[in-house]
Amino acid sequence: MIQFHLHRMFYKMMTLWQHLKQKKTAPSPPVVSPAAIWHCLNHYAYSDAIFLAERLCAEFDSDESIFLLATCYYRSGKPSQAYTILSGKKIVSEKCKFLLARCCVDLHKLSEAETVLTGNVGDLISSSSCSSFIETIISDYGDSSPFALQLISHIWWRSERSHLAAEACRKALYLNPFLWQSFQDLCDRGVKPDPEPTKIFKVDNLDNFNKCLGSNSHVNSTPLSTYNLSYESVNTFNSSTPAQKMVNMSVPSSNSSISSGIQPFTPDMNNAKAIFVRPIGRKVKVINENAYSPLTPSFGVFPLENSDNLSVCSSQSMVLVPSATLNETNDQKFISKRSSKPVFSQSGNTSNINNLGTQQITMPSSPMSHVVRRSSRIITNNCSVKENTKSPNKKFASPKSATRKIKSGLIPKKSVFADITERHPKERGVVEVETLTLAQQALNLQKKTTEGLLSLLRDIGIAYLQLSKFNCKKAIQLFQSLPPRQYKTGFVLSMIGKAYCEQSDYLQSIKYFSEVKEHEPYRDTLMELYSTSLWHQQKEVALSALAQDMTALDRNSSSTWCVVGNCFSLQKEHQTAIKYFQRAIQVNPDFPYAYALLGNEYLVTEELEKAITCFQKAVKLDPRHYKSWYGIGAIYQKQERYELAEMHYKRALRINHSSALIMCHIAVVQNSMDKPDQALHTLHIALTLEPKHPMCKYQRAQIYSKLGKLPEALYELEELKEIVPKESLVYFLTGKVHKKLGNIHLALMNFNRATDLDPKGASNQIKEAIDPTNNQSPLDDSDDKTFDPKAAGSWS
């Protein structure tokens, strides 16, 4: 513990020394505005952003410019270039370190990513020092700390330090309950979320809002912030939450010369009407409270129902004017003059204020024509406007020029806000009171909106937790109880399809996955499970169509090549399927399901060593991937190493405790080890979970036949014929039981039915049972233990 703190202290001292060394020379103004670079990034013009960022780095070498250039490369899909840029410099700022670590993770340089985040003390972190390290991350990274913790937890999961990773995930969720991936990681790894989802997705107060929703309160300490050109100050409208956007529209930057006595206006969305004024010469557009849809209980957001209103809010600089009770008096006041830049700009530059008053702004006529309250006129220019009674067509006359003259080219020491406030000292108190009230109402609205979203996350989180525990029936009920708008989404429908696939109910799984493709044809998540369900149901045409759609959608997705591999596997082209499963692994080496599918193909082609290697890689990536543990057990069962097979089957069953299929194979192995009583007990438990599971009923009938309990065997087989009426092996076993009972006529009838269902004679046992001259007696059940579940096709 002491060694950990000493290493951390030494690392911080070195970082501070580099920072002080970098600040020795005073910076010169940049030739390229970072705002222009961010503007290109926001419009996906990555090549232009990179070009401008390179010009900025050439003139201004700092952490800020390096971060901007690396961000341009990273967002354009080039993490290698971003990594080279950041790793070649002695970076100081935490955001540069975070981006470098993100690049390292994408490039599978996990050890280096951990070194960047932990400061060369990653190997010293233990369970006792984990909490202290997490607090250090929170202190260093500020509002970005939840994302830094999420990133370090990913590294720790991969390096098999589950206890540390779980602690980092829990803390990240505590700081920011919107980080769904952290909650999903805990569930997928079998770690119980602590506390429960009902307490995780909850904000008791507003203390964590900065880490949850972002904050514009922090100002960069890098030299570029001196010129008020940082992205946070220039692009606050695009980066804020809905309620913050409306506040930011009327709030200049913290570096402007606005008097500290004036508080920003904040709209009341519930009780007050608001006028959004665009001070760029366009007509003023009025938006009343009906422009906003009510809060939906399921989600808690307030989208704009009318798309026309979006254009009013799209300007970077706006003035938000709250209005009170409206009347039709002639006391009309408005923003009188404009310039090439908005008056209340982020930078506080009012050099063009003498150009105000060149154009008149008109108000649209409506049944609710009105005036703006006197308190709201404080934020406008102090220009008087008289009503023009001579002309009936013009409601307003041109405003007079401002009485206070300002020399051209000079910047006043005080802002227009401060100047107006000094002229109206009596009304300043009214503004402050109204501003505080409106700000409190906006915060309350923001909290209600957040609570609505968190309520939805709680419901989804509870359902997902049940699915991760393989309580599939309960999970399906919870997902289906979600509000209709959320239920009819690709994520929820795919979760239900996954739950049915885990239950081996492939028809229902296909139904829900097909709805996913109908609602969201762009979704590729879990499409590999959709293809597996189609494979089990032998739906070759549908699987081929899905493979074509996925290939056209995204050839760089591992799910795409898993679908294609399953398509060729269904067509018995196993070597081609192996090639495509290998391609899926090449696209994403961290995809355990691709390894499991490849292992299954190797198992079919009798390449057992390659198969067991694939399954082992899958369980190394995901220790809870029960299908890979099941695959290893199948290999040992094929090698007649029944003890090892039973051990791996039980390992899979501990993960998915409700799988009747795994229990069935445990029973087969127990029967092979001459433990028929244990096998029957296992099958009884499996059939309690799934009373109509065909594999379990077939194996129980086979054990009854072996023990001489022929009536019980016939009862199971007759029920099985109703479940799978076209399965040849069922009729074959029925014929063998009737032959034991001496019912030769019924035995031949069932053998003939089995032959009709399997005309190619895929099962030699049928011919051997019918031909009495065959060396092997049809009463011998020893070869039944080689039953391959894949041969059962639709009922495996």
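Residues numbered from 1 in each chain as written. Predicted model: local features only at pLDDT ≥ 70, side-chain atom pairs only at ≥ 80, totals over all residues. Heavy atoms only, no water.

**Q** It is not clear to me how the overall build of the protein chain should be interpreted in this structure. Could you clarify?
**A** Tallying secondary structure elements over the protein chain gives 37 helices and 3 strands in all. Looking at the 796 residues of the protein chain, the share that counts as buried comes to 51%. A separation of at least 24 residues holds for 62% of the contacts in the protein chain among residues at least 6 apart in sequence. When the accessible area of the protein chain is evaluated, it comes to approximately 38,900 Å², of which 53% is carbon and sulfur surface. (Helix = DSSP H or I, 4+ residues; strand = E, 2+ residues; numbered from the N terminus. Buried < 20%, exposed > 50% of the residue type's maximum accessible area, 1.4 Å probe, protein only. Contact = heavy atoms within 4.5 Å. Areas by Shrake-Rupley, 256 points an atom, 1.4 Å probe, with all protein chains shown as cover.)

**Q** Is there a simple way to think about the nonpolar core in this case?
**A** As a rule of thumb, soluble globular proteins bury nonpolar side chains together. Ranked by internal contacts, the top residues of the largest apolar core, which has 173 residues, are Trp156 and Phe479. Contact partners of Trp156, with chain neighbours within four places excluded, come to Glu114, Ile125, Cys130, Phe133, Arg161, Ser162, Leu164, Ala165 and Ala168. Listed in part, the 5 residues of the second largest apolar core include Tyr731, Phe732, Phe751 and Ala754. (Core = buried A, V, L, I, M, F, W, Y, C linked by side-chain atoms within 4.5 Å.)

**Q** Can you walk me through helix α26 (residues 574-587) in this structure?
**A** Side chains that are three or four residues apart share a direction in an α-helix, a result of its 3.6 residues per turn. Across its 14 residues, α26 extends 20 Å between first and last C-alpha, which sits within 8% of the 20 Å expected from 1.5 Å per residue. Within the sequence span of α26, burial applies to His574, Ala577, Ile578, Tyr580, Phe581, Ala584 and Ile585. Its buried side turned inward, α26 meets α25 (558-570) and α27 (592-604). (Expected span 1.5 Å × (residues − 1).)

**Q** Which parts of the structure should I look at to understand the packing of aromatic side chains?
**A** Think of a pair of aromatic rings as described by two things: how far the centres are apart, and how the planes are tilted against each other in angle. For the coordinates displayed, the defined rule picks out 13 aromatic pairs. With centroids separated by 5.2 Å and ring planes inclined at 65 degrees, the aromatic side chains of Phe183 and Phe201 adopt a geometry described as edge-to-face. Of the two residues, Phe183 is situated in helix α11 (residues 180-188) and Phe201 in the loop between α12 (197-200) and α13 (209-213); the sequence distance between them amounts to 18 residues. Across this residue pair, the class does not change: Phe183 and Phe201 are buried. With 5.3 Å between their ring centres and 85 degrees between their planes, Phe470 and Tyr626 make a pair best called edge-to-face. Placement of the pair is Phe470 in the loop between α18 (425-468) and α19 (472-480) and Tyr626 in helix α29 (residues 626-638), with a sequence separation of 156 residues. Comparing Phe470 with Tyr626, the two get one shared label, buried. Among the aromatic residues, ring-to-ring pairing joins Trp180, Phe183, Phe201, Tyr464 and Phe491 into one connected group. The ring of Phe51 carries Arg55 above its face, with NZ or CZ at 4.8 Å from the centroid. Directly above the ring of Trp629 sits Arg651, whose terminal nitrogen or CZ lies 4.1 Å from the centroid. (Phe/Tyr/Trp six-rings, centres within 6.5 Å; stacked < 30°, edge-to-face > 60°. Lys NZ or Arg CZ within 6 Å of the ring centre and 35° of its normal.)

**Q** What am I meant to see in the UniProt feature "repeat: TPR" (unreviewed entry) in the protein chain here?
**A** Cross-referencing UniProt, the feature "repeat: TPR" (unreviewed entry) maps to residues 558-591, 592-625, 626-659 and 728-761 in the present numbering. Counted over residues 558-591, helix gives 79% and strand 0%. Its end C-alpha atoms are 8 Å apart. For residues 592-625, the end-to-end C-alpha separation is 7 Å, with 79% helix and 0% strand making up the annotated structure. (UniProt positions renumbered as here; feature names shortened; annotations may be inferred.)

**Q** How do you make sense of the pattern of salt bridges when you look at a structure like this?
**A** Where charged atoms of side chains with opposite charge meet at close range, the side chains can pair. Tallied over the entire structure, the rule returns 19 salt bridges. Of the charged contacts, one joins Arg102 and Asp106 as a salt bridge, the two residues approaching to 3.1 Å between their closest N and O atoms. Note that Arg102 and Asp106 are positioned in helix α6 (residues 94-106) at a spacing of 4 residues, about one turn of the helix. According to the relative accessible area criterion, Asp106 is partly exposed, its value standing at 29%. Residue Arg170 is joined to Glu167 by a salt bridge in which the shortest nitrogen-to-oxygen separation is 3.9 Å. With Arg170 and Glu167 both in helix α10 (residues 162-175) and 3 residues apart, the pair spans about one turn of that helix. Connected through shared salt-bridge partners, Lys697, Arg700, Glu716 and Glu719 make up one network. (Salt bridge = Lys/Arg side-chain N within 4 Å of Asp/Glu carboxyl O.)

**Q** Looking at this model, I keep getting lost on the environment of Tyr83. Mind explaining?
**A** Relative to the assigned elements, Tyr83 resides in helix α5 (residues 79-87). Distance in space between the C-alpha atoms of Tyr83 and Cys103 is 5.6 Å, their sequence separation being 20 residues.

**Q** What exactly am I supposed to notice about the confidence of the model for the protein chain here?
**A** Low pLDDT means the predicted coordinates in that region are not meant to be read closely. In the predicted model, the protein chain carries a mean pLDDT of 73, and the fraction of residues at 70 or more is 61%. Confidence over residues 216-421 falls short of pLDDT 50; this stretch has 340 contacts with residues more than four positions distant or in other chains. Between residues 772-796, whose pLDDT stays under 50, and residues either more than four places distant or in other chains, the model counts 50 contacts. (pLDDT = per-residue confidence, 0-100.)

**Q** How should I be thinking about the state of the cysteines in this particular structure?
**A** By definition, a disulfide links the sulfur atoms of two cysteine residues through a covalent bond. In the structure shown here, the tally under the stated rule is 0 disulfides. Among the cysteines around Cys103, which has no disulfide bond, Cys104 carries the closest sulfur, lying 6.9 Å off. (Disulfide = S-S within 2.5 Å.)

**Q** Looking at this structure, I do not really get unusual backbone geometry. What am I missing?
**A** Among all residues except glycine, the phi angle is most often negative; among peptide bonds, the trans geometry is most common. We note that Tyr44 has phi near 65 degrees; this positive angle belongs to a residue other than glycine. With respect to the helices, strands and loops of the structure, Tyr44 is situated in the loop between α2 (34-42) and α3 (46-59). Assessed through its relative accessible area of 62%, Tyr44 is described here as exposed.

**Q** Quick question: what am I supposed to make of the packing of helix α33 (residues 694-707) against helix α34 (residues 710-723) here?
**A** In a pair of packed helices, the angle between the axes and the distance between the axes together describe the arrangement. The interhelical angle for the contact between α33 and α34, taken along N-to-C directions, is 155 degrees, at an axis separation of 8 Å. Classified by the angle their axes make, α33 and α34 are roughly antiparallel. By crossing handedness, the relation of α33 to α34 is classed as left-handed. From α33, Pro694, Lys697, Tyr698, Arg700, Ala701, Tyr704 and Ser705 reach across to α34, where they touch Leu710, Glu712, Ala713, Glu716, Leu717, Glu719, Leu720 and Ile723. A breakdown of the residues in the contact of α33 with α34 according to their chemical character gives 9 nonpolar, 1 polar and 5 charged. (Axes fitted to C-alpha atoms, helices over the stretch in contact; angles between N-to-C directions. Parallel < 35°, antiparallel > 145°, perpendicular 65-115°, else oblique. Left-handed = near helix turned anticlockwise from the far one by under 90°. Nonpolar A, V, L, I, M, F, W, Y, C, P; charged D, E, K, R; others polar.)

**Q** What am I meant to see in the packing of helix α24 (residues 540-553) against α25 here?
**A** Two numbers describe how α24 lies on α25: the axes approach to 9 Å, and their chain directions differ by 150 degrees. One finds that α24 runs roughly antiparallel with respect to α25. Considering the relative orientation of α24 and α25, their crossing is left-handed. Contacts between α24 and α25 pair Glu540, Leu543, Ser544, Leu546, Ala547, Met550 and Thr551 from the former with Ser559, Thr560, Val563, Val564, Asn566, Cys567 and Leu570 from the latter. Broken down by class, the residue content of the contact of α24 with α25 amounts to 8 nonpolar, 5 polar and 1 charged.

**Q** What am I meant to see in α19 here?
**A** All of the buried residues along α19 are Cys472, Ala475, Ile476 and Phe479. Taken end-on, α19 shows its buried residues confined to a sector of 100 degrees, consistent with a single buried face. Seen from the buried face of α19, the exposed residues on the opposite side, beyond 90 degrees, are Lys473 and Gln477. (Arc of directions from axis to C-beta.)

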